[in-house]
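Remarks on the overall topology
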Amino acid sequence: MLRDGVSSMILSLAKIKHHPHMVQEYRVTADLPDPAAAGFLDFALAGPALFCGAVTNRGGGLFLVEGKYTAQVKLACSRCLAAFTLPVSGEIKAVYGPSAADDAEGELDYRELSGDEIALGGMILDEISFSLPMQPLCNEECRGLCPFCGIDLNSGNCDCAGEQIDPRWEKLTEFRPAGK
Ligand SMILES: [Zn+2]
Ligand SMILES: [Zn+2]
């Protein structure tokens, strides 16, 4: 539907800017900023993201953004190191306004508005980063790499059997005292 409309994740406020209490709905498919350039080194993006939501003109130069995002991120499995794609989604709720205004919505994420547009990309990247698992797994059952020969145990077995740690006990190895 928005095939050739893929661009940066920008919401134009032109229609509601001068109309307090007016609400505009958005459904935008667009590329997010490069995570690495934003300081996120543990994930990459596998394609454009979708934002579906609304902006309400709250008056006084404040705009409430509420909605849902979905995206596909590329991660490295913490056990076998293979790259895999993980669908992510979440809610966004934030108020954009002039830098001096901190009179309202103290409980909400407050962001500075510049001009007639809200650039959502940075906020969505932040939300994605918070939502990612600490130890991403390509599959809950991932058998990881053999600690002795390095073979990917998902794709074959090796002759180090017997020395291998049963995956069910793997968690215990994380309780070794620090420094050992
Ligand atoms: Zn894996
Ligand atoms: Zn092995």
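Computed from a prediction, not measured in an experiment: that's the story for all the values here.

Cut-off values and rules
- Throughout, a residue's number is its position along its own chain's written sequence, starting from 1.
- Whichever chain is written first is A, and whichever ligand is written first is 1; the rest continue in order.
- Thresholds applied to this predicted model are a pLDDT of at least 70 for local features of residues and 80 or more for the giving and counting of side-chain atom pairs; totals over whole chains, interfaces and linings are not thresholded and use all residues.
- Helix and strand assignments come from DSSP, with helices taken as H or I runs of at least 4 residues and strands as E runs of at least 2, each series counted from the N terminus.
- Exposure criterion: with C-beta atoms placed from backbone coordinates, a residue whose C-beta has 20 or more other C-beta atoms within 10 Å is buried, one with 12 or fewer is exposed, and one in between is partly exposed.
- It is the C-beta atoms, placed from the backbone, that decide contacts: two residues are in contact if theirs lie within 7 Å.
- A set of buried residues qualifies as a nonpolar core if it consists of Ala, Val, Leu, Ile, Met, Phe, Trp, Tyr and Cys joined through C-beta atoms within 7 Å.
- Any two strands with at least two DSSP-identified bridges between them are counted as paired.
- For every residue, the predictor reports its confidence as pLDDT, a number between 0 and 100.

Another point: the overall build of the protein chain. On a plain count of helices and strands, the protein chain comes out with one helix and eight strands. Listing the helices and strands of the protein chain from first to last along the sequence gives β-β-β-β-β-β-β-β-α. The buried share of the protein chain, taken over its 180 residues, is 16%. Partitioning the contacts of the protein chain with sequence separation of at least 6, the portion at a separation of at least 24 is 58%.

With that settled, the discussion passes to the environment of Ser12. As for its position among the elements, Ser12 is in strand E1 (residues 10-12). Along the backbone, Ser12 and Val55 are 43 residues apart, and their C-alpha atoms lie at a distance of 9.8 Å. Not counting chain neighbours up to four residues away, the residues in contact with Ser12 comprise Asp116 and Glu117.

This brings us to the nonpolar core. By size, the foremost hydrophobic cluster in this structure holds 22 residues, and its most contacted members are Met9, Ala49, Ile118, Leu120 and Ile124. Within the residue set of this core, elements represented by two or more residues are strand E4 (49-59), strand E5 (62-76), strand E6 (83-97) and helix H1 (121-131). No other element matches the six residues that E5 contributes to this core. Not counting residues within four places of it along the chain, the set of residues in contact with Ile118 comprises Leu11, Leu13, Val55, Phe63, Val65, Tyr96 and Leu113.

Once that is clear, we can look at the pairing of E4. Remark: a regular strand shows side chains that alternate across the two faces of the sheet. By the bridge criterion, eight bridges tie strand E2 (residues 23-30) to E4 in an arrangement that is antiparallel. Looking across to E4, one finds that Tyr26 is bridged to Gly53. In this structure, E4 lies alongside E5, joined through nine bridges in antiparallel fashion. Directly across from Cys52, in E5, lies its bridge partner Lys68. Linkage of E4 to E5, two consecutive antiparallel strands, is achieved through a turn of two residues, within which Gly60 is found at a positive phi near 65°.

When you line up the elements, His21 lands in the loop between E1 and E2. Spatially, the C-alpha atom of His21 lies 9.5 Å from that of Phe63, the residues being 42 residues apart in sequence.

Glycine aside, a negative phi is what most residues show, and trans is what most peptide bonds show. Phi angles above zero are rare outside glycine, and His21 is one such case at about 80°. Overall, the presence of 9 C-beta atoms within 10 Å leaves His21 in the exposed class. The backbone of Leu81 shows a phi angle near 70°, a positive value even though the residue is not glycine. Mapped onto the secondary structure, Leu81 falls in the loop between E5 and E6. Among the residues examined, Leu81 registers 12 C-beta atoms within 10 Å and is labelled exposed.

Here we take up the confidence of the model for the protein chain. Looking at the protein chain as a whole, the pLDDT averages 86, with 81% of positions reaching at least 70. Segment residues 1-5: pLDDT under 50, and two contacts once partners within four positions in sequence are set aside and those in other chains are kept.

Before going further, it helps to examine H1. For an α-helix, the turn length of 3.6 residues means that residues three or four places apart are oriented alike. For H1, the complete set of buried residues consists of Met123, Ile124, Leu125 and Ile128. The elements touched by buried residues of H1 are E4, E5, E6 and strand E7 (109-112).

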